[in-house]
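# Geometric and topological summary
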Amino acid sequence: MLVGAFLLSAQFPGQSHAEALERTVSSADAAERAGLDSVWLAEHHFVPYGVCPNAATLAALLLGRTRRIGVGTAVSVLSTAHPVALGEQAALLHLTSGGRFTLGVGRGGPWIDLGVFGTGLAAYEEGYPERLDLLLRWLRGSRAGADGPQFNFPEVAVVPRASEPAKRGDLAGWLGLERDSGAIQHFPRQRRDGEVGPNRNGPPVISACTSPGGIRLAAERGLPMLLGMDTSDETKEQMVAAYRTAWRACGRGEEQLARVEREHVAAGVAQVDDRTSDARASLLRAMPGWFEYGLGAHRTVDGRERRMRDPRAYTELLCDLHAVGTPRQCADRLLATAERTGIRRFALLSEGSGDRAATLRNIARLGAEVLPQLG
């Protein structure tokens, strides 16, 4: 089982943008010290729910600061990004980090972002498959062109090529820093069974799935799924079953399916404390205000009405669904999800308390007290 920290750069009421971003950077450092497998970064525009507008850019910073931990986007929003520009960023991060970068992509929402960046509502409602296909052609080939309703350009050379073998080692080696100089710290990382080094086919790509159509699209493209925080184990199990059905309908083999299924990621929440009541109280003090303040700021691009979940009820739901409680309870919750769904990779929201020091303690306890119980 591989456990990572999900970092939204959440701006809780009373905090500045800089405080939220600094907490994210410190949390990534803490996750590496704690031995977590990865950190996952979200991006949002114009809302305090998350103040990172470009997850790939923040990933570049964190890949430069760290040495062992994987860094992924959860997600980079394809509805407002040019697939070639995002592909160039992903290739750059893959090649310069020794293969530690994972590109998570998704549709996003019908937000005002579509109007600000000029892609329009169609990019969200119908355009995701074309955008995803162009991105994958760019990442997997040496030349790429486009002849579609959104993108139309002649074939050009892919530079840099993500499909070239990534340089082994890390950025420190590229910079000529000696490993025994004291400038580089070594931190543990969860072992991946069968891990043999950087992916020679470019950075791993994972697709956020929230609907039957999204599940089919991911299966047809051979991409693992990223499942959201609000999904129960029962729903995850149904989504994994739907993925298998769509995969087999494409005529793909079972061995490849088994490999891809090992890469599915479930987003969740983790809050570790000596008592379950204290863990829940930490989240219930902070998260409802953040949800109301952050999600309430979303504006739709076309003025359509949107309904927001009740912030407290949503926080209680997340506490019920995820690893919130004592170390043993958190481990049991993750193990139960893995047993029922087969998913063994997790991106766990660790900043739900809203407090920097408490977040760093939470990540440290996740590494020191929960991971050893996962086997």
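Because the structure is predicted, anything quoted here is derived from the model rather than measured. (Residues numbered from 1 in each chain as written. Predicted model: local features only at pLDDT ≥ 70, side-chain atom pairs only at ≥ 80, totals over all residues. Heavy atoms only, no water.)

### Remarks on the overall build of the chain
Along the backbone of the chain there are 14 helices and 12 strands. On C-alpha atoms alone, the chain measures out to a radius of gyration of 20 Å, which is about the 21 Å that the 2.2 N^0.38 rule sets for 375 residues. For the chain, the spread of C-alpha atoms along the principal axes amounts to about 60 × 60 × 45 Å. Buried positions account for 54% of the 375 residues belonging to the chain. Of the contacts formed within the chain by residues at least 6 apart in sequence, a portion of 74% connects residues at least 24 apart. (Helix = DSSP H or I, 4+ residues; strand = E, 2+ residues; numbered from the N terminus. Rg over C-alpha atoms; globule rule 2.2 N^0.38 Å. Buried < 20%, exposed > 50% of the residue type's maximum accessible area, 1.4 Å probe, protein only. Contact = heavy atoms within 4.5 Å.)

### What about the environment of E351?
Relative to the helices and strands, E351 resides in the loop between strand 12 (345–349) and helix 14 (356–370). Separated by 341 residues in the primary sequence, E351 and A10 place their C-alpha atoms 7.8 Å from one another. The residues contacting E351, other than those within four sequence positions of it, are F6, L7, L8, S9, A10, F12, R23, T24 and T359. Here S9 takes part through its backbone nitrogen, which lies 3.3 Å from a polar atom of the side chain of E351. (Polar contact = N/O pair within 3.5 Å; in protein donor to acceptor, adjacent residues only side chain to side chain.)

### Digging into the pairing of strand 1 (residues 2–7)
Most of strand 1 sits out of view: six of its six residues are buried. Neither face of strand 1 is left uncovered, since the one carrying L2, G4 and F6 and the one carrying V3, A5 and L7 both have all their residues buried. As defined by bridge partners, strand 1 adjoins strand 12 across five bridges and the pair is classed as parallel. Across the sheet, the residue bridging to V3 is F346, located in strand 12. (Pairing = 2+ DSSP bridges.)

### So, the pattern of salt bridges
The tally for this structure, following the rule as stated, stands at 21 salt bridges. The salt bridge partner of R356 is E22, with a shortest N-O separation of 2.7 Å. Here E22 lies in helix 1 (residues 17–34) and R356 lies in helix 14, a separation of 334 residues in the sequence. Through salt bridges that share partners, E125, D302 and R304 make up one connected network. (Salt bridge = Lys/Arg side-chain N within 4 Å of Asp/Glu carboxyl O.)

### A short note on the confidence of the model for the chain
When pLDDT is averaged along the chain, the result is 93, and 90% of the positions lie at 70 or above. Every residue in residues 176–187 is under pLDDT 50, and counting partners more than four places away or in other chains gives 14 contacts. With pLDDT under 50 throughout, residues 193–198 is counted as low confidence; its partners more than four residues away or in other chains account for seven contacts. (pLDDT = per-residue confidence, 0-100.)

### Let's talk about the side chain of T102
Structurally, T102 is set in strand 5 (residues 101–106). Excluding residues within four positions of it along the chain, T102 makes contact with W40, V71, G72, T73, P204 and I206.

### Details of helix 3 (residues 83–96)
An ideal rise of 1.5 Å per residue puts 20 Å on 14 residues; helix 3 measures up with 20 Å between its terminal C-alpha atoms. Within helix 3 the residues assigned to the buried category are P83, V84, L86, G87, A90, A91, L93, H94 and L95. Looking one or two residues past helix 3, G98 carries a phi angle of roughly 70°, positive in sign. (Expected span 1.5 Å × (residues − 1).)

### Observations concerning the nonpolar core
Of all hydrophobic cores here, the largest spans 66 residues; its most connected members are L36, V39, V105, L132 and Y243. Ranked by residue count, the leading element in this core is helix 2 (residues 55–65), at six residues. Not counting residues within four places of it along the chain, the set of residues in contact with L132 comprises L78, V105, L217, R221 and L223. In terms of nonpolar packing, the next biggest core, distinct from the first, is built from 29 residues, Y49, A74, W290 and C319 among them. (Core = buried A, V, L, I, M, F, W, Y, C linked by side-chain atoms within 4.5 Å.)

### Here's the deal with the environment of F46
With respect to the element layout, F46 can be found in the loop between strand 2 (38–41) and helix 2. Sequence separation between F46 and G294 is 248 residues, and the spatial gap between their C-alpha atoms is 9.7 Å. Aside from chain neighbours lying at most four places away, what touches F46 is I112, D113, V116 and F117.

### Notes on the packing of aromatic side chains
The way to describe two aromatic rings as a pair is by their centre distance and the angle between their planes. Considering all chains together, one arrives at seven aromatic pairs under this definition. Each ring, one from Y49 and one from F291, has its centre 6.5 Å from the other, and the planes form 25°; the classification is stacked. A residue pair is termed long-range when its members are at least 10 positions apart, and Y49 in the loop between strand 2 and helix 2 and F291 in helix 11 (residues 276–295) qualify at 242 residues. For the residue pair Y49 and F291, the accessibility class agrees, reading buried in each case. Seen in terms of ring centroids, F291 and Y314 are 4.9 Å apart; in terms of plane orientation they differ by 40°. Their pairing is tilted. With F291 in helix 11 and Y314 in helix 12 (residues 311–321), this residue pair connects regions lying 23 residues apart in the sequence. The ring of Y124 is capped by R107, whose NZ or CZ atom sits 4.1 Å from the centre of that ring. R252 extends its terminal NZ or CZ atom over the ring of W247, reaching a point 4.9 Å from the ring centre. (Phe/Tyr/Trp six-rings, centres within 6.5 Å; stacked < 30°, edge-to-face > 60°. Lys NZ or Arg CZ within 6 Å of the ring centre and 35° of its normal.)

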